[in-house]
Amino acid sequence: MSGNLAMWGTFAIIIVTIGAYATDRWPIEGVSLASIAAFLLLFALSEPDSGLSSADLVSGFANPALLTVLALLVIGRALFNTDALDLPTRWLANASGKGRTRTLIIMLGCAMVFSALINNTPVVVMFIPIMTTIARQKNFEAAKGLMPLSFAAILGGMTTVIGSSTNLLVAGVAAKSNINISFFEFTVPGLILAGVGSIYVFFILPLFLRRRSGMSEELSTSSGKQFITQIDITPGHPLEGVESRAGLFRELSDMTVRTVLRRNVPILPPFEDVRLSPGDSVIVAATRNALSKALSTGSANVPIDEEDEDGENTDRVL
């Protein structure tokens, strides 16, 4: 296989992989493994002409920068699951006052600082539930803060080697050439870029973001009153083994999953890699039609609480 064919084959695999991720028709793990297998086959066929071997491809997964980012993601998820972020969330809520602008400045500023010291990817993972909770408490749309949160984390991550995955990769490649890049090598130019970008992120970007209704709001406005019910997952239940994708349960797409109780420990949205198993209880909000459909298939339980327009619940049995 010639070098040009290998190059175009690489682009084809990348395009197909991105398309498979975007359609979400297949599990992410399966698509990733299929992509790696396709690259290994391509590299094996093109090795005589291109000089690249399968070992060159696999060696990237042993890159210390990649392992560092994965370890930081584990740490960030552990902080969230152990409620270690509960106290910082309350502190941020109290310090931000009632104004939306002040709240965003404090939240995004903290995200920028943490991104420089940890890594911007796990920082975003940790701050999404915090931003959502504080937005609900301060009565403003979470969409006004989630997109700026991502940008602020990127700006903060540019200031140190560990703050950005790109910086880590560059430092790793440079180390192989005996070029040492210190922890604060990027700090001065990074601060200049972060300072200019912060003006746009803090004050201009929120003005362009449209209001986006949450799933519960869309259901309540378009389909009438909401009912609250608890779905107990028992052995053989239709939802046993169902796994969340992109923070949602596709099998419960017509309902709003509010909480998953596992051994009396609440798991709050967004749900990442949560597989329902016997003993779990799923608290959902849905319309009468959605619950009637679920009851007919044995997926829901009774009694049901009706959530009226004033936000109060009255016991009802469907």
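Note that the structure is a prediction, hence the values are computed from the model and not measured.

Thresholds, definitions, all that
- By convention here, each chain's residues receive numbers from 1 onward along its written sequence.
- The predicted nature of this model means local features are confined to residues of pLDDT at least 70 and side-chain atom pairs, given and counted, to a pLDDT of 80 or more, with totals for whole chains, interfaces and linings taken over all residues.
- Values shown for side chains rest on all heavy atoms present in the structure; no hydrogens or waters enter the calculation.
- For every residue, the accessible area obtained with a 1.4 Å probe (protein chains only) is divided by the maximum for its type, and the residue is called buried under 20%, exposed over 50%, and partly exposed between those limits.
- Strands here are runs of E lasting at least two residues and helices are runs of H or I lasting at least four, both read from the DSSP assignment and numbered beginning at the N terminus.
- We treat two strands as partners when DSSP finds at least two bridges between them.
- Salt-bridge detection follows one rule: a side-chain nitrogen of Lys or Arg within 4 Å of a carboxyl oxygen of Asp or Glu.
- Pairs of N or O atoms are called polar contacts if they sit within 3.5 Å, as long as, within protein, a hydrogen donor faces a hydrogen acceptor (for residues adjacent in sequence, only side-chain-to-side-chain pairs).
- In this analysis, two residues are considered to be in contact whenever any of their non-hydrogen atoms come within 4.5 Å of each other.
- Here, axes are lines fitted to C-alpha atoms. For helices the fit covers the stretch in contact, and angles between N-to-C directions go from 0 to 180 degrees.
- Note on terminology: angles under 35 degrees are roughly parallel, angles over 145 are roughly antiparallel, angles of 65 to 115 are roughly perpendicular, and the others are oblique.
- For this classification, Asp, Glu, Lys and Arg are treated as charged, while Ala, Val, Leu, Ile, Met, Phe, Trp, Tyr, Cys and Pro are nonpolar and the rest, including Gly, are polar.
- Confidence scores per residue from the predictor, reported as pLDDT, run from 0 to 100.
- Working definition: a ring pair exists when centres of Phe, Tyr or Trp rings (six-membered ring for Trp) sit within 6.5 Å. Plane angles under 30 degrees give stacked, over 60 give edge-to-face, the rest tilted.
- To estimate how far a helix should extend, the number of its residues minus one is multiplied by 1.5 Å.
- Fitting axes to the seven residues ending at a residue and to the seven starting there, one defines the bend at that residue as the angle between these axes.
- Handedness of a helix crossing follows the sense of rotation of the near helix relative to the far helix, less than a right angle counterclockwise being left-handed and clockwise being right-handed.
- Remark: nonpolar core denotes a set of buried residues (Ala, Val, Leu, Ile, Met, Phe, Trp, Tyr, Cys) joined through side-chain atoms within 4.5 Å.

**Section: the pairing of strand S2 (residues 256–262)**
Part 1 of the argument: Here S2 lies mainly inside the structure; five of its seven residues are buried.
Part 2 of the argument: Two elements, S2 and strand S4 (residues 281–286), share five bridges in a ladder whose sense is antiparallel. Bridging across to S4, leucine 261 finds its partner in serine 281.
Part 3 of the argument: For S2 and strand S3 (residues 265–267), the ladder comprises three bridges, and the chain directions are antiparallel. Considered in S3, the bridge of valine 260 is made with isoleucine 267.

**Some points on the pattern of salt bridges**
Part 1 of the argument: For the coordinates displayed, the defined rule picks out two salt bridges.
Part 2 of the argument: In this structure, glutamate 243 and arginine 275 form a salt bridge, with 2.8 Å as the shortest nitrogen-oxygen distance. Of this pair, glutamate 243 sits in the loop between strand S1 (226–232) and S2 while arginine 275 sits in the loop between S3 and S4, placing them 32 residues apart in sequence.
Part 3 of the argument: A relative accessible area of 28% means that glutamate 243 is categorised as partly exposed.

**Let's talk about the side chain of arginine 262**
Part 1 of the argument: The residue arginine 262 is located in strand S2 in this model.
Part 2 of the argument: Polar contacts involving the side chain of arginine 262 include one to the side chain of aspartate 280, which spans 2.7 Å.

**Side note on the environment of alanine 135**
Part 1 of the argument: Considering the arrangement of structural elements, one finds alanine 135 in helix H7 (residues 120–138).
Part 2 of the argument: Counting along the chain gives 31 residues from alanine 135 to leucine 104, while the straight-line C-alpha distance between them is 9.3 Å.
Part 3 of the argument: Aside from chain neighbours lying at most four places away, what touches alanine 135 is Phe140, Glu141 and Ala142.

**Quick word on the packing of helix H8 (residues 143–157) against helix H10 (residues 187–208)**
Part 1 of the argument: Two elements in contact, H8 and H10, have axes separated by 10 Å at closest approach and are oriented at 180°. By the angle between their axes, H8 is roughly antiparallel relative to H10. Where H8 approaches H10, its residues Lys144, Met147, Pro148, Phe151, Ala152 and Leu155 are matched on the opposing element by Leu193, Ala194, Gly197, Ser198, Val201, Leu205 and Pro206.
Part 2 of the argument: Split into classes, the residues belonging to the contact of H8 with H10 amount to ten nonpolar, two polar and one charged.

**Considerations on the confidence of the model for the protein chain**
Part 1 of the argument: Summary statistics for the protein chain give a mean pLDDT of 77 and a share of 80% for residues scoring 70 or more.
Part 2 of the argument: Within the model, the stretch residues 215–224 combines pLDDT values under 50 with 16 contacts to residues more than four positions away or in other chains.
Part 3 of the argument: Confidence drops under a pLDDT of 50 for residues 302–318, and excluding neighbours within four residues, the segment shows 41 contacts in the predicted structure.

**Observations regarding the packing of aromatic side chains**
Each aromatic ring pair is summarised here by two numbers: the centre-to-centre distance and the angle between the ring planes.
Part 1 of the argument: Evaluated as defined, the whole model comprises four aromatic pairs.
Part 2 of the argument: Taking the centre distance of 6.0 Å and the plane angle of 45° together, the rings of phenylalanine 114 and phenylalanine 127 count as tilted. Taken together, the residues span a long stretch of sequence, with phenylalanine 114 in helix H6 (residues 100–117) and phenylalanine 127 in helix H7 at a distance of 13 residues.
Part 3 of the argument: Residue classification places phenylalanine 114 among the partly exposed positions, given a relative accessible area of 38%.
Part 4 of the argument: Overall, phenylalanine 127 belongs to the buried group, its relative accessible area being 4%.
Part 5 of the argument: Look at phenylalanine 183 and phenylalanine 184: their rings are 4.8 Å apart centre to centre, the planes differ by 75°, and that puts the pair in the edge-to-face class.

**Here's the deal with H10**
Part 1 of the argument: Spanning 22 residues, H10 covers 30 Å between terminal C-alpha atoms, matching the ideal 32 Å at 1.5 Å per step.
Part 2 of the argument: The largest bend in H10 comes to about 40°, at valine 201.
Part 3 of the argument: All of the buried residues along H10 are Thr187, Gly190, Ala194, Gly197, Ser198, Val201, Phe202, Leu205 and Pro206.
Part 4 of the argument: Looking at the buried positions of H10, the neighbouring elements they touch are H6 and H8.

**With respect to the packing of H6 against H8**
Part 1 of the argument: The geometry of H6 relative to H8 is characterised by a closest axis approach of 8 Å and an angle of 35° between their N-to-C directions. With respect to the hand of their crossing, H6 and H8 are arranged in right-handed fashion. Where H6 approaches H8, its residues Arg100, Leu104, Leu108, Ala111, Met112, Ser115 and Ala116 are matched on the opposing element by Lys144, Gly145, Pro148, Leu149, Ala152, Ala153, Leu155, Gly156 and Gly157.
Part 2 of the argument: Tallied by class, residues from the contact of H6 with H8 come to ten nonpolar, four polar and two charged.

**Points about the pairing of S4**
Part 1 of the argument: By the criterion of burial, S4 is predominantly enclosed, with six of the six residues buried.
Part 2 of the argument: In S4, alternate side chains face the same way, and those of Ser281, Ile283 and Ala285 on one face and Val282, Val284 and Ala286 on the other are all buried.

**A short note on the nonpolar core**
Generally speaking, a soluble globular protein has its nonpolar side chains buried in company with each other.
Part 1 of the argument: Judged by nonpolar contacts, the single largest core of 22 residues is most densely connected at Leu92, Met107, Leu108 and Phe127.
Part 2 of the argument: For this core, the elements supplying multiple residues, two or more each, are helix H5 (86–95), H6, H7, H8 and H10.
Part 3 of the argument: Per element, the largest residue contribution to this core is seven residues, and it comes from H7.
Part 4 of the argument: Apart from the residues lying within four places of it in its own chain, the contact partners of methionine 107 are Leu92, Phe127, Ile130, Met131 and Ile134.
Part 5 of the argument: Among the nonpolar cores identified, the runner-up in size contains 16 residues, and Val242, Phe249, Val274 and Ala290 belong to it.

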